[in-house]
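Listed here are the chains, written in short residue letters.
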Amino acid sequence: MIIAEKKPIEEVIEMVKDFRKILIVGCNECVTVCEAGGKREVAVLASSLRMYFMNQGKDTQIDEVTLERQCDREYLEEIRNRIEQYDVVISLACGVGVQFLAETYSRFPVYPGVNTCFMGVTEERGVWSERCQGCGQCILGSTGGICPISRCAKRLLNGPCGGSTKGKCEISKDLDCAWQLIIDRLKELDRLDEYEQIAPIKDWSTERAGGPRRVVREDVRQ
Amino acid sequence: MSVKTPSRLEKILDSGQLAVTSECGPPRGSDPEAITKKAKMIRNYVDAINITDNQTSVTRLCSLAACIHLKLMGIEPTLQMVVRDRNRIALQSDILGAASFDIHNILCLSGDHQKFGDCPQGQNVFDIDSMQLIQTVRHMRDEGKFLGGDDIQRPPQMFVGAAANPFADPFEIRVPRLAKKVAAGAEFIQTQCIYNLDKFELWMKQARDRGLHEKIYILAGVTPFKSVGMAKYMKNRVPGMDVPDDVVKRMAGVPKEKQPEEGIAICVETIQRLKECEGVRGFHIMAIEWEEKVPEIVERSGLYPRPRD
Ligand code: SF4
C-alpha cells in the first residue's frame, strides 16, 4: 500500500489560516491502514484546527468527510453537492488522491494534509517500510523476491557494495542490507549459484526516468 | 593475460614485476598545486597514481581534471569513477574525455552513499552499477561502440580496474563477487585497506582455488595509520573496514609521538608478508593526506626502484 505521514499541524495551519469554511476529506484506503489520513485522523485534525481558530477568536466552520477512495472519480462525486459551501479543502489522501480531488473540483483550493512517503508494508503497528518503487519492469524473479531497487540505498543490481557490514547497510545500522537479504534468501532456496549471473544494465525508461507513466488496457477499457 | 592497452601499469603487471600504485585526493578548491605537489613527492616511487572521485561524497575538484594535471606532468594516472553522480551519458562522455588525454587506467566504483558527504540532501544517480561500468568500459574499448550501439571514433584504450573488499559482509560471496567482476571484464583489482592479514590470505586462497589469480591482477591495498585515533576511527566508523584489536593495541602501545612510525612499520610489515602471498601482484598504497610517507614505505618494503621504460 501507499504509506503516508501526517503533516505537522503547524504546517497545515499555515496553509489554511486565512480560510473560514474548511472541509477535511479523509480516505478509507491505504492512509487509513497506515493511520495517517483515515476517519480518525480527519477527526483529530478537525478538532486541532477548531481549537486553533477558537484561540485566535476566529469563527470558522470545519467539517469532516471520509471517502471510500480518492483515486476513483466515482467516490469523489459523493461530495459534489456539498463542496460548494466551503472555501478550502484539505485532503488527507496520498498525493494521488489530493491531485485527483483537486482535478475534479478545480475551482477549489485543495491542500495536502499528509506527506506521501512510499509503497510499503506494515512491519508491525507503527512501523512501515518500503518495498517497491514501481520501476515498471519487475526483477524480483532473479533476486530471490527481494527488491534491490527499493531496498538497497544505491539500488545496485549487482550488489552488495563494499559497505555492507554485519547484515546492515552502510548508511544506517537500523537498515538491513538488501543484498545480504538477497543472498540469504538465495541460499535458503538453494539458488546461491545464481548470484554469479551479472544483472544487465537496466532499462529505466519504464521508471520515473521515462516521464509520467500511463497504463492503457484496451481489453478492459469501456 | 596479454597486454591490451598502452597502459604502463598493465605492462609492468604483465612483465611479472610487482606493481606499486598510490592515490591522491583532489583538493576542495581549484588550486592545481594541491595535486601536482603531492604527485611530485611520489612520482618516482609508484607506477601509477589514482585520483579519487569525490571520495566519501565530499565535493572536490573532479577526478578527470586532476588526472589531466598528472598526465601533463608525465605521470600515469588512474581515473577513479563512481556511478553515484553520473548517468550512462555522463559516464561514457567522461570516459571519452579521459581517453582524449590518453588516460589509460580506470577504476570502476559504486561510490559511497551521499549521506556521508557535504551534500546529504542531494540526489544520487546509480543509473548503472560498478559491475556494469566495468562492462561499459570494456564494451567501449573492445567493441568500439557506445552502449547505444553506435560506433565510437577512436575508442578509449583503458586498462580496466575494480575494487574488492575482502572484509565486507557477507564473506561467503566475497570471492564469487570477485569472480563476477572478472566475468564483467575487470583486469586489475585494488583491494580495501588490509589490516586483517589472516582474513585477506583466506580470501586470496579461495580466489586461487578458483583460479581467479590467473585471470586478474590483484593489488593489495594498504594504508598506514598516523595514530591510534585513526586506527580506532577506521575500526569503528568506516563501513566495511576490518581492523583487528591487536593492531589497535599495537598502535596504543607506543607513545603518541612514536605512533606515526609504528603505523609505517605495520604498513611495511604488511607489504612484506603479502609479497609472499601467491596471487598478490602488487600494492596500492593509500596514504591518506600523508603522501610524503609513500617513498619511505616503498623503499623499506623493497619495492624501489620502480621499473623504468
Ligand atoms: S550496504 Fe547493502 S543495501 Fe546498503 S548500499 Fe551497500 S549493497 Fe546497498
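Since this is a predicted model, take the numbers as computed values, not measurements. Residue positions are counted from 1 within each chain, in the order its sequence is given. Both sets of labels track the order of writing: A upward for chains, 1 upward for ligands. Restriction of local features to residues with pLDDT of at least 70 applies here, the model being predicted, together with a cutoff of 80 or more for giving and counting side-chain atom pairs; totals for whole chains, interfaces and linings are based on all residues. Working from all heavy atoms in the structure, the side-chain values ignore hydrogens and water.

### Some thoughts on the interface of chain A and chain B
Argument step 1. Contacts: residue pairs with any heavy atoms within 4.5 Å of one another. The partner chain B presents 34 residues to the 29 residues of chain A that form the contact.
Argument step 2. Once two parts are put together, the accessible area they lose, assessed with a 1.4 Å probe and summed over both, is termed the buried area. For the pair chain A and chain B, the summed buried area comes to about 2,600 Å², and 51% of that belongs to carbon and sulfur atoms.
Argument step 3. Interface area lost by chain A to chain B is led by Glu196(A), Ile198(A) and Ile201(A), which between them contribute 24%.
Argument step 4. For this analysis, a salt bridge means a side-chain nitrogen from Lys or Arg found within 4 Å of a carboxyl oxygen belonging to Asp or Glu. Where chain A meets chain B, there are 2 salt bridges.
Argument step 5. Distance and chemistry together define a polar contact, namely a pair of N or O atoms within 3.5 Å, with one atom able to donate a hydrogen and the other to accept it when in protein, and with adjacent residues in sequence counting only for side-chain atoms on both sides. In this structure, the connection of chain A to chain B is made through 23 residue pairs in polar contact (both at pLDDT 80 or more).

### Some remarks on the nonpolar core
Argument step 1. The nonpolar core is taken to be a set of buried Ala, Val, Leu, Ile, Met, Phe, Trp, Tyr and Cys residues, with the residues joined through side-chain atoms within 4.5 Å. Burial classes follow relative accessibility: with a 1.4 Å probe on protein chains only, a residue under 20% of its type's maximum area counts as buried, one over 50% as exposed, and anything between as partly exposed. Counting 86 residues, the largest nonpolar core has Leu133(B), Phe200(B) and Trp203(B) as the members making the most contacts within it.
Argument step 2. Dropping the residues within four chain positions of it, Trp203(B) is found in contact with Ala164(B), Pro166(B), Phe171(B), Arg174(B), Val175(B), Leu178(B), Thr191(B) and Ile218(B).
Argument step 3. The next biggest cluster of nonpolar side chains, apart from the first, holds 25 residues, and it includes Cys34(A), Ala36(A), Val42(A) and Tyr52(A).

### Structural notes on the site of the ligand
Residues and elements named next belong to chain A.
Argument step 1. Near the ligand, the surroundings consist of Cys152, Ala153, Lys154, Pro160, Cys161, Ser164, Cys169, Glu170, Cys177, Ala178 and Trp179.
Argument step 2. Using protein atoms alone on a 1 Å grid, points that fit a 1.4 Å probe yet trap it form a cavity, whereas open point sets bounded by protein on both sides within 12 Å along at least five of seven lines form a pocket; residues with an atom within 4 Å of a point count as lining. Grid points define the cavity or pocket, and a molecule sits in it when more than half of its atoms lie within 2 Å of them. Using a 2 Å cut-off from the grid points, one finds that the ligand occupies the largest cavity.
Argument step 3. Note on residue categories: nonpolar means Ala, Val, Leu, Ile, Met, Phe, Trp, Tyr, Cys or Pro, charged means Asp, Glu, Lys or Arg, and polar means any other residue, Gly included. Broken down by class, the residue content of the shell around the ligand amounts to 8 nonpolar, 1 polar and 2 charged. Residues are classed as near a molecule or strand on a simple rule: at least one heavy atom within 4 Å of it.

### Focus on the pairing of strand S7 (residues 217–222) of chain B
All names here are of chain B.
Argument step 1. For S7, the buried fraction is high: 6 of the 6 residues fall into the buried class.
Argument step 2. Strands here are runs of E lasting at least two residues and helices are runs of H or I lasting at least four, both read from the DSSP assignment and numbered beginning at the N terminus. Burial along S7 is two-sided: the residues Tyr217, Leu219 and Gly221 and Ile218, Ala220 and Val222 are all buried.
Argument step 3. Bridge count between strand S6 (residues 188–193) and S7: 4 bridges; the pairing is parallel. Looking at S7, one finds that Cys193 is bridged to Gly221.
Argument step 4. A crossover connection joins S6 to the parallel S7 through helix H7 (residues 197–209); in handedness this β-α-β unit is right-handed.
Argument step 5. The pairing of S7 with strand S8 (residues 280–285) spans 5 bridges and is classified as parallel. Looking across to S8, one finds that Val222 is bridged to Ile285. The rule for pairing is simple: two strands pair if DSSP sees at least two bridges between them. A clockwise path from the first strand over the helix to the second, with the strands pointing away from the viewer, defines a right-handed crossover.

### Observations concerning the sheet that holds strand S4 (residues 88–91) of chain A
Residue and element names in this part refer to chain A.
Argument step 1. Here we have 4 strands laid out as an open sheet, ordered S3-S2-S4-S5, and parallel in their pairing. Looking along the sheet, the strands with just one partner apiece sit at the ends: strand S3 (61–67) and strand S5 (110–112). Direction aside, the axes of adjacent strands within the sheet are offset by 25° on average.
Argument step 2. The pairing of strand S2 (residues 21–27) with S3 spans 7 bridges and is parallel. Residue pairing in the sheet places Lys21 in a bridge with Gln61 of S3.
Argument step 3. The strands that helix H3 (residues 39–55) touches are S2, S3 and S4; relative to S3, the one it contacts most, it runs at about 170°. In this analysis, axes come from line fits to C-alpha atoms, helices being fitted only over the stretch in contact, and the angle between any two N-to-C directions falls in the range 0 to 180 degrees.

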